[in-house]
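Descriptive structure summary
As a plain string of letters, each chain reads:
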Protein chains: 2
Amino acid sequence: MTVCLLVHPDRPDPAERLVPVDADTPQVSVTDLGVTRGDGVFEVFTVVDGRPQAVEAHLRRLANSAVMVELAAPDLALFEQAVRRAAAEEYRATHAHELLVKLIITRGIEDAEPAVSTAWVLGFPNADHTRERRDGVDVITLDRGYPHDIAARAPWLLAGAKTLSYAINRSVLREASRRGADDVLFVSSDGYVLEGPSSSLVVRRGTRIWTPSTAQGLLRGTTQGCVFEEMAARGYATGEALLRSDDLAQADGMWLASSGRLLAPIRSLDGRAVQVDHALTDAINEALLARTD
Amino acid sequence: MTVCLLVHPDRPDPAERLVPVDADTPQVSVTDLGVTRGDGVFEVFTVVDGRPQAVEAHLRRLANSAVMVELAAPDLALFEQAVRRAAAEEYRATHAHELLVKLIITRGIEDAEPAVSTAWVLGFPNADHTRERRDGVDVITLDRGYPHDIAARAPWLLAGAKTLSYAINRSVLREASRRGADDVLFVSSDGYVLEGPSSSLVVRRGTRIWTPSTAQGLLRGTTQGCVFEEMAARGYATGEALLRSDDLAQADGMWLASSGRLLAPIRSLDGRAVQVDHALTDAINEALLARTD
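Here's a quick rundown of the structure. Because the structure is predicted, anything quoted here is derived from the model rather than measured. (Residues numbered from 1 in each chain as written. Chains lettered and ligands numbered in written order. Predicted model: local features only at pLDDT ≥ 70, side-chain atom pairs only at ≥ 80, totals over all residues. Heavy atoms only, no water.)

1. Describing the packing of helix α7 (residues 222-233) of chain A against helix α8 (residues 278-288) of chain A
All names here are of chain A. Between α7 and α8, the shortest axis-to-axis distance is 10 Å and the interhelical angle comes to 115°. The angle between α7 and α8 places the two elements in the roughly perpendicular class. For the pair α7 and α8, the crossing hand works out as right-handed. Of the residues in α8, those in contact with Thr-223, Cys-226, Val-227, Glu-230 and Met-231 of α7 are Leu-280, Ile-284, Ala-287 and Leu-288. (Axes fitted to C-alpha atoms, helices over the stretch in contact; angles between N-to-C directions. Helix = DSSP H or I, 4+ residues; strand = E, 2+ residues; numbered from the N terminus. Parallel < 35°, antiparallel > 145°, perpendicular 65-115°, else oblique. Left-handed = near helix turned anticlockwise from the far one by under 90°. Contact = heavy atoms within 4.5 Å.)

2. Describing the side chain of Thr118(B)
Residue and element names in this part refer to chain B. Assignment of secondary structure puts Thr-118 in strand β6 (residues 118-125). Of note is the side chain of Thr-118, whose polar atom sits 2.5 Å from the side chain of Asp-32. Those residues in contact with Thr-118 that sit more than four places away from it in its chain are Asp-32, Ile-104, Ile-105, Thr-106, Gly-108 and Ile-109. (Polar contact = N/O pair within 3.5 Å; in protein donor to acceptor, adjacent residues only side chain to side chain.)

3. Regarding the layout of surface pockets
All names here are of chain B. Approximately 710 Å³ is the volume attributed to the second largest pocket. Lining the second largest pocket are 32 residues, with Ala-57, Arg-60, Arg-220, Gly-221 and Thr-222 sitting closest to its centre. Counting only elements with at least two residues in the lining of the second largest pocket, the list comes to α2 (55-68), α7 (222-233) and β11 (237-241). For the lining of the second largest pocket, the per-class residue count stands at 12 nonpolar, 10 polar and 10 charged. (1 Å grid on protein atoms, 1.4 Å probe; cavity = no way out; pocket = protein on both sides within 12 Å on 5 of 7 lines; lining within 4 Å. Points joined across faces, edges and corners; volume = space filled by probe spheres on them. Nonpolar A, V, L, I, M, F, W, Y, C, P; charged D, E, K, R; others polar.)

4. Things to note about the sheet that holds strand β3 (residues 40-48) of chain A
All names here are of chain A. Here we have six strands laid out as an open sheet, ordered β2-β1-β6-β5-β3-β4, and antiparallel in their pairing. Unpaired on one side and paired on the other, β2 (18-22) and β4 (51-52) mark the two borders of the sheet. Two strands pair when backbone bridges link them, and strand β1 (residues 3-7) and β2 are joined in this way by five bridges, in the antiparallel orientation. If you follow Val-7 over to β2, its bridge partner there is Leu-18. This element, helix α2 (residues 55-68), spans β3, β4 and β5 (98-106) of the sheet and lies at about 175° to β3. (Pairing = 2+ DSSP bridges.)

5. What to know about the relation of the copies chain B and chain A
Relative to chain A, chain B is turned by 180° and slid 0.0 Å along the rotation axis, the superposed coordinates differing by an RMSD of 0.0 Å. What the superposition gives is, in effect, a two-fold axis relating one chain to the other. Both copies contact each other with a shared surface, as 100% of the interface residues of chain B are interface residues in chain A too. (Least-squares fit on C-alpha atoms with pLDDT ≥ 70 in both.)

6. A look at the sheet that holds β6(B)
Residue and element names in this part refer to chain B. The strand order across the open sheet formed by six strands is β2-β1-β6-β5-β3-β4, and the pairing between neighbours is antiparallel. For this open sheet the edge positions go to β2 (18-22) and β4 (51-52), each flanked by a neighbour on one side alone. Sheet strands touched by helix α3 (residues 76-94): β1 (3-7), β2, β3 (40-48), β4, β5 (98-106) and β6. Its angle to β5, the strand with the most contacts, is close to 145°.

7. Looking at the pattern of salt bridges
Any two side chains of opposite charge can pair if their charged atoms end up close together. Evaluated as defined, the whole model comprises 34 salt bridges over all chains. Taking the shortest distance from any N to any O, the salt bridge between Glu230(A) and Arg234(A) comes out at 3.1 Å. For Arg234(A), a relative accessible area of 37% gives the class partly exposed. One salt bridge connects Arg133(B) with Glu98(B), and the closest N-O pair in it is separated by 2.7 Å. Of this pair, Arg133(B) sits in helix α4 (residues 130-135) while Glu98(B) sits in strand β5, and the two are 35 residues apart along the sequence. (Salt bridge = Lys/Arg side-chain N within 4 Å of Asp/Glu carboxyl O. Buried < 20%, exposed > 50% of the residue type's maximum accessible area, 1.4 Å probe, protein only.)

8. Structural notes on the pairing of β1(A)
Residues and elements named next belong to chain A. Judged by how many residues are buried, β1 sits mostly within the fold: five of five residues are covered. Neither face of β1 is open: one carries Val-3, Leu-5 and Val-7, the other Cys-4 and Leu-6, and all of them are buried. Of the strand pairs in this sheet, β1 and strand β6 (residues 118-125) are connected by four bridges, and their pairing is antiparallel. Across the sheet, Cys-4 pairs through a bridge with Leu-122, a residue of β6.

9. Considerations on the environment of Ala115(B)
Residues and elements named next belong to chain B. Mapped onto the elements, Ala-115 comes out in the loop between β5 and β6. We classify Ala-115 as exposed; its relative accessible area is 68%. For Ala-115 and Asp-182, which are 67 residues apart along the polypeptide, the C-alpha to C-alpha distance reads 40 Å.

10. Focus on the interface of chain B and chain A
Each partner contributes residues to the interface: chain B has 51 residues there, and chain A has 51 residues. A per-residue breakdown of the area chain B buries against chain A is headed by Val30(B), Arg37(B) and Trp156(B), which together make up 18% of the total. Joining chain B to chain A, the criterion identifies six salt bridges. With its nearest N and O atoms 3.6 Å apart, the salt bridge here joins Arg174(B) to Glu70(A). Seen at the junction of chain B and chain A, the total is 27 residue pairs in polar contact (both at pLDDT 80 or more). When contributions to the side of chain B that touches chain A are tallied by element, the ones reaching two or more residues are α1 (33-37), β5, β6, β7 (137-143), α5 (150-153) and α6 (167-178) of chain B. Ranked by the residues each element gives to the side of chain B that touches chain A, the list is headed by α6(B), at eight residues. Broken down by class, the residue content of the side of chain B that touches chain A amounts to 26 nonpolar, 11 polar and 14 charged. (Buried area = accessible area lost by both parts, 1.4 Å probe.)

11. Focus: the packing of α2(B) against α3(B)
Residue and element names in this part refer to chain B. Put simply, α2 and α3 touch, their axes get as near as 11 Å, and they point 130° apart. One finds that α2 runs oblique with respect to α3. In this structure, α2 meets α3 at a crossing whose hand is right-handed. Side by side, α2 and α3 meet where Val-55, Leu-59, Leu-62 and Ala-63 of the first sit next to Leu-76, Phe-79, Glu-80 and Arg-84 of the second. Looking at the contact of α2 with α3 residue by residue, the class counts come to six nonpolar, no polar and two charged.

And the structure:
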């Protein structure tokens, strides 16, 4: 089942700001800029036993995306309340250990006066990712087309904002599937390693753990942030770096980190086998799934 | 007012394939990939006295976009019928000389079995573009981030598909507004002139009329196509070319061509004045607005 709450920050009565609705009944206008222009922002929260994870990091990123696309600053307290309520209600209905909550804010109905965003949260069970977490994923690199300094050079291209315009993020997965792979690692046009279409790259070399520098217009990974905390607790040094594709050949292990799949080891990159540390992967995923806040 | 017809190509009864609905009542699901991922395609038709223009060119482009994003081939006969009916009904209600019809196809509700696209057409009055057509528009160039050969190099980036993921196309207009300009001309990262966020560039040099080569991952302009026909009828030679930004300094005139605004002369580019041929502009726009098919 799917829980859906519409979010109306502008309603005078606080009791009317979160409105439970039937997720199977249409709720979005045919002239909403979310659907006519992919014009809005979103987040997807991991939920463990009814508790959304990394809430502050997600809300910070949401606020940053809103700034980048010049949406009004979201009422973070209200959206946090919406996320927690959707998670709790979906958990009450399904008792699923792992849920996801998706939060969407669009620019609202075109030419509406005054302009009012459309917003909702959805709570639903996570897919079963046991196999990918255990066996790993086959990944191909694909050119993202932009140089690695695109965010500084051309901020109007919105690199680093989590917008609803995800057609490319979906298209590259079809390309991966055509090539017999599971997922994609974007590489800049000048040879730097970036991120997946819905994940962050985590690289181990000895006792050091790296993720590509977010200054390249990458999303700050919320799951990757939690992974870094867990790795640090195990004695690894963590940090961001500019990594070139060639640098990955020296890696002792690589993962893609995301809200739904958590930490999925990369078992092959562009057809070359990559070493998988099953014990470390399992330990981190178990820790992520044992979080209590 | 806005006319809205839902389009259901898969319904067995042909009489139920076009369904008039209230455009102000929500019709789109909160889990539709059109709104959650900007995953779909669209077209916008000019309508003159109730008659949609360049229908065949729009439908051809729609089919091409669908191929690029791997949507099922749209039932073009049915969508043509939908567009003509929305145009006629909106014209009957408003008697507006200029209307627009927007056609949207999304990938449909996520994980639905079988997968079924969501589709609709909207008919609504065009905005008043008298001033831009007469006085011209101030345009700035902005880096599109991609090299000019991106479509051949990285087809997974969907350059040349008219998808619902238009957040960048909207963001660049806000950047133009911040700089006191009306519109944007994209330039490739390697210095080639491309297109506007919702228009094609038309350049005159003497008796020759050029538009940037669509092989650069550009949309084939439907209005630009009609403009070329009108220009050819007036003795101009028309064609596509690879144009570098520097080449524009030698132009005798430039326009942005689009369904809503038709032919808008560029009166300044990056702050430098551009010569405007008012007589030619007016003649072409009058011809475009006098079309009978």
